[in-house]
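# Notes for the structure review
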Amino acid sequence: MEPIVWTDKLLLDYEPMDTVHRDFIAVLAAAQAADDANLEKAWVEVIDHTRTHFDREDDWMRHSGFASADSHILQHRVVLNVLREGLALARSGQYGAVREMASELAAWFGKHAQTQDAALALHMRRQAEYPERRPRPGGTERPLARHRASSSG
Ligand SMILES: [Fe+2]
Ligand SMILES: [Fe+2]
C-alpha cells in the first residue's frame with residue numbers, strides 16, 4: 001500500500017490540531033516507507049508521536065468540558081495499546097503484520113479525524129470564540145442524575 005499523504009480534506013480549522021495531524025501523517029508515512037532494517041525504529045517514532053498527539057487532545061477535552069470526552073479518550077487508549085502490540089511484532093521480525101497495522105492505522109485516522117477530532121476541533125474553536133462558556137476554574141460538572149428536582153428536605 002502507498003504511504004499515507006496529507007490531504008486538505010483532513011483540515012479541521014483548529015491550527016494546533018491540524019499541525020499535530022500533519023506531523024502524524026509524516027511520521028506514519030515514514031514508517032510505511034521504512035525497509036525491514038528500519039521498521040522497528042520508525043514504529044517507535046509512530047508510537048512516541050501518537051502518544052503526544054493523543055495526550056494533547058485528551059488534555060484539551062479534560063480542560064474544556066467537552067461532552068464526548070470519555071469515548072474519545074477511550075478510543076485513543078485502545079489505539080495506542082494496539083500500536084504497542086505492533087512494536088512487539090516488529091521486535092520479533094513480523095514486519096508484514098506491522099505494515100498491515102500501519103495501513104489500518106492510516107484508515108482509522110482518516111475516519112477518526114473526520115468524526116471525533118472534527119467534533120473536538122469545532123468545540124475548541126467555539127471555546128476560543130466564546131470564552132465565557134469555558135468551565136470555571138475549580139468548577140466541576142455534576143452528572144445530571146445528581147441534580148435534585150426538589151430543594152425540599
Ligand atoms: Fe487527532
Ligand atoms: Fe483524537
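Residues numbered from 1 in each chain as written. Chains lettered and ligands numbered in written order. Predicted model: local features only at pLDDT ≥ 70, side-chain atom pairs only at ≥ 80, totals over all residues.

Let me state the cut-off plainly: UniProt positions are given in the numbering used here, feature names are shortened, and annotations may be inferred rather than shown by experiment.
An unreviewed UniProt entry lists the protein chain under the name Bacteriohemerythrin, with Hydrogenophaga bisanensis as the source organism. Per UniProt, the protein chain carries the Sequence similarities (unreviewed entry) text "Belongs to the hemerythrin family."

### Some points on the overall build of the protein chain
Going by this rule: Only DSSP runs of H or I with at least four residues qualify as helices, and only runs of E with at least two residues qualify as strands; both kinds are numbered from the N terminus onward. Counting other C-beta atoms within 10 Å of a residue's C-beta gives its exposure: the residue is buried at 20 or more, exposed at 12 or fewer, and partly exposed in between, where C-beta atoms are placed from the backbone. Here the contact rule is simple: place C-beta atoms from the backbone, and any two residues whose C-beta atoms are within 7 Å are in contact.
What the protein chain contains, in helices and strands, is four helices and zero strands. Per-residue burial for the protein chain yields a buried fraction of 24% across its 153 residues. The long-range fraction of contacts in the protein chain, counting pairs at least 24 apart against all pairs at least 6 apart in sequence, stands at 68%.

### Some thoughts on unusual backbone geometry
Most peptide bonds adopt trans geometry, and most residues besides glycine take a negative phi value. Despite not being glycine, D13 has its phi angle at roughly 60°, a positive value. Residue position: D13 is located in the segment before α1 (15-33).

### Observations concerning the environment of V44
Position of V44 relative to the elements: it lies in helix α2 (residues 36-64). We classify V44 as partly exposed; it has 15 C-beta atoms within 10 Å. Separated by 39 residues in sequence, V44 and L83 have C-alpha atoms that sit 9.1 Å apart.

### Here we look at the packing of helix α3 (residues 69-91) against helix α4 (residues 95-129)
Where we set the bar: Fitted lines through C-alpha atoms give the axes, limited to the stretch in contact for helices. The angle between two N-to-C directions lies from 0 to 180 degrees. Throughout this description, any angle smaller than 35 degrees is read as roughly parallel, any larger than 145 degrees as roughly antiparallel, any in the 65 to 115 degree range as roughly perpendicular, and the remainder as oblique. In this scheme the handedness of a crossing depends on how the near helix is turned from the far one: anticlockwise by less than a right angle means left-handed, clockwise means right-handed.
The N-to-C vectors of α3 and α4 enclose an angle of 165°; their axes lie 10 Å apart at closest approach. If you check the angle between α3 and α4, you find them roughly antiparallel. You can see that α3 and α4 cross each other, and the crossing is left-handed. Contacts between α3 and α4 involve H72, Q75, V79, G86, L89 and A90 from the first element and Y95, A97, V98, M101, W108, H112, Q116 and L120 from the second.

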